[in-house]
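Analysis of the macromolecular model
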Amino acid sequence: MAEKKIIITIDGWSSCGKSTLAKHLAKKLKYKYIDSGAMYRAITLYFLRNHVDWTNAVSVSEALEDIVIEFILNPKTGESETWLNGENVEYLIRDLVIAEKVSDIAAIAAVRAFAVRQQQQLGLDSGIIMDGRDIGTVVFPRAELKIFMTADIAVRVERRFKELFEKNPNVSIEEVKTNLEMRDYIDSHRAVSPLRKADDAIELDNSGLKPEEQLSLVLKWAKARMKQM
Ligand code: DC
């Protein structure tokens, strides 16, 4: 019997390694990977560059009309990258300046409606892995496999610090820790689609797991779901 293509959602706290797992899974299963956080980061970049007053609903909805976000495959790396209005912004959106504002912007209902609509459109064909905060609860509530990732805060800070330090040696551990804690708080306390584990999600604490260990664990779960279809 042929394996059915499924939708896999990966939600969880900031810097748990959601995108690392999602990318590895997508390569193994030959599925499409969508980084939903990149959309909120690209919107944040647009708002900051264009001095959009995001406390004003009219300014927000006018700005959203001018935003086109695409995910385009980079043939050299084989990975998809985020484009904003025709510009590759993959590198820019990972900056701490964006991370400092993104949770506030992602809490705005109109911004979420804009992003969720596009995320659902991208998931019309199965064979997709999407990571974020509300993917299993709001974007694809009927996904076949839902994972909720956690990891110790110290482990998460260390991982994100290493990533950011490579780009900017002036970044400090304290800055990174404050940012992660702030984002976790805002993401899980906002009124619209707060971060929470879906009732039918499997919890994965990867504090002590190597990337290849978590991949083989999740591949087993995915294969089991594909066979149940
Ligand atoms: O996954 P990330 O760290 O790149 O996400 C950046 C921010 O975007 C995160 O702090 C919260 C927000 N986000 C969200 O609200 N919903 C999602 N589905 C994905 C991200």
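For the structure itself, look to the data block above.
Now for a description of the structure that goes with this document. All residue numbers here refer to positions counted from 1 along the written sequence of the relevant chain. Two thresholds apply to this predicted model, a pLDDT of at least 70 for residue-level local features and 80 or more for giving and counting side-chain atom pairs, whereas whole-chain, interface and lining totals are computed over all residues. As a rule here, side-chain values come from all non-hydrogen atoms in the structure, and water together with hydrogens is ignored.

Let's talk about the site of the ligand
Heads up, the rule is: Neighbouring residues are identified by heavy atoms, a residue being near a molecule or strand if any of them is within 4 Å of it. Pairs of N or O atoms are called polar contacts if they sit within 3.5 Å, as long as, within protein, a hydrogen donor faces a hydrogen acceptor (for residues adjacent in sequence, only side-chain-to-side-chain pairs). The Shrake-Rupley method, run with a 1.4 Å probe sphere, supplies the accessible areas, and residue values consider only the shown protein chains as cover. Strands here are runs of E lasting at least two residues and helices are runs of H or I lasting at least four, both read from the DSSP assignment and numbered beginning at the N terminus.
The immediate surroundings of the ligand are formed by 15 residues, with Arg41, Arg112, Asp134, Arg183 and Arg190 found nearest. At 2.7 Å from an oxygen atom of the ligand is found a side-chain nitrogen or oxygen belonging to Arg190. Within the complex, 96% of the 440 Å² of free accessible area of the ligand lies under protein. With four residues, the single largest contributor to the shell around the ligand is helix 2 (residues 36-49).

A few points about the sheet that holds strand 5 (residues 87-88)
We count it as follows: The rule for pairing is simple: two strands pair if DSSP sees at least two bridges between them.
Pairing within the open sheet is antiparallel, and its three strands lie in the order 3-4-5. Both outer strands of the open sheet, strand 3 (69-74) and strand 5, are each paired with one neighbouring strand and no more. Where strand 4 (residues 79-84) lies against strand 5, two bridges are found, and the strand directions are antiparallel. In the sheet register, Trp83 faces strand 5, and the bridge partner there is Asn88.

Thoughts on the packing of helix 2 against helix 3 (residues 57-65)
Keep this limit in mind: Axes here refer to lines fitted to C-alpha atoms; in helices the fit is confined to the stretch in contact. Angles between the N-to-C directions go from 0 to 180 degrees. An angle counts as roughly parallel when it lies under 35 degrees, as roughly antiparallel when it exceeds 145, as roughly perpendicular when it falls between 65 and 115, and as oblique in every other case. Should the near helix be turned anticlockwise from the far one by less than a right angle, the crossing is termed left-handed; should it be turned clockwise, right-handed. When checking whether two residues touch, look at their non-hydrogen atoms; a contact exists if any pair is within 4.5 Å.
Relative to each other, helix 2 and helix 3 sit at 115 degrees, their axes nearing to 11 Å. In terms of axis orientation, helix 2 runs roughly perpendicular to helix 3. Of the two elements, helix 2 crosses helix 3, and the hand of that crossing is right-handed. Residues Ile43, Tyr46 and Phe47 of helix 2 form the contact with helix 3, whose participating residues are Val60, Ala63 and Leu64.

What about the pairing of strand 6 (residues 128-132)?
The side chains of a regular strand alternate between the sheet's two faces. What counts here: Burial classes follow relative accessibility: with a 1.4 Å probe on protein chains only, a residue under 20% of its type's maximum area counts as buried, one over 50% as exposed, and anything between as partly exposed.
Taking burial as the measure, the five residues of strand 6 include five buried ones, the bulk of the element. Alternating positions in strand 6 separate into two faces, Ile128, Met130 and Gly132 on one and Ile129 and Asp131 on the other, with burial throughout. Pairing of strand 1 (residues 7-12) with strand 6 involves five bridges; the strand directions are parallel. Paired with Asp11 across the strands is Gly132, a residue of strand 6.

Overview of a negative patch on the surface
The test is simple: Residues form patches when they are more than 30% accessible in relative terms and have no salt bridge. Like charges link within 9 Å. Nonpolar side chains (Val, Leu, Ile, Met, Phe, Trp, Tyr) link within 5 Å. By definition, a salt bridge exists where a carboxyl oxygen of Asp or Glu is found within 4 Å of a side-chain nitrogen of Lys or Arg. His is not counted here, nor are the chain ends, while Lys and Arg score as positive and Asp and Glu score as negative. Note that the charge is assigned to NZ on lysines, CZ on arginines, CG on aspartates and CD on glutamates.
On the surface, Asp95, Glu100, Glu174 and Glu175 cluster together into a negatively charged patch. Relative to the assigned elements, Glu174 resides in helix 8 (residues 173-189). Since its relative accessible area comes to 55%, Glu174 is described here as exposed.

Some points on the pattern of salt bridges
Here the structure, examined in full by the defined rule, presents 13 salt bridges. Between Arg94 and Glu90 there is a salt bridge whose closest N-O contact spans 2.9 Å. A relative accessible area of 24% means that Arg94 is categorised as partly exposed. A relative accessible area of 19% means that Glu90 is categorised as buried. Note that Glu163 and Arg160 form a salt bridge whose closest N and O atoms lie 3.4 Å from each other.

Re the nonpolar core
To be explicit about the condition: Joining through side-chain atoms within 4.5 Å is the link that ties buried Ala, Val, Leu, Ile, Met, Phe, Trp, Tyr and Cys residues into a set, and such a set is a nonpolar core.
Grouped together as the largest cluster of nonpolar side chains are 35 residues, with contacts concentrated most on Ile43, Phe47, Leu64, Ile67, Ile69 and Val111. Non-local contacts of Val111, meaning those with residues more than four positions away in its chain, are made with Tyr40, Ile43, Phe47, Val60, Leu64 and Ile105. With 23 residues, the next largest nonpolar core counts Leu21, Leu145, Leu215 and Ala222 among its residues.

Details of helix 8
Worth spelling out the cut-off: Residue count minus one, scaled by 1.5 Å, sets the expected span of a helix. The reported arc concerns the directions from the helix axis to the C-beta atoms and nothing else.
Taking 1.5 Å per residue, 17 residues should reach 24 Å; helix 8 reaches 24 Å between its end C-alpha atoms and fits that length. Buried residues of helix 8: Val176, Asn179, Leu180, Arg183, Asp184 and Asp187, and no others. Projection of helix 8 onto a plane perpendicular to its axis shows the buried side chains occupying an angular sector of 130 degrees, all on one side. Turned more than 90 degrees away from the buried face of helix 8 sit Glu174, Thr178, Tyr185 and His189, all of them exposed. Elements that come into contact with the buried residues of helix 8 comprise helix 2, helix 4 (96-106) and helix 7 (153-167).

Remarks on the pairing of strand 3
Examined bridge by bridge, strand 3 and strand 4 share six bridges and lie antiparallel to one another. Counterpart to Leu73 in the pairing with strand 4 is Ser80. Here strand 3 folds back onto strand 4 in antiparallel fashion, the turn holding four residues, of which Gly78 has a positive phi close to 75 degrees.

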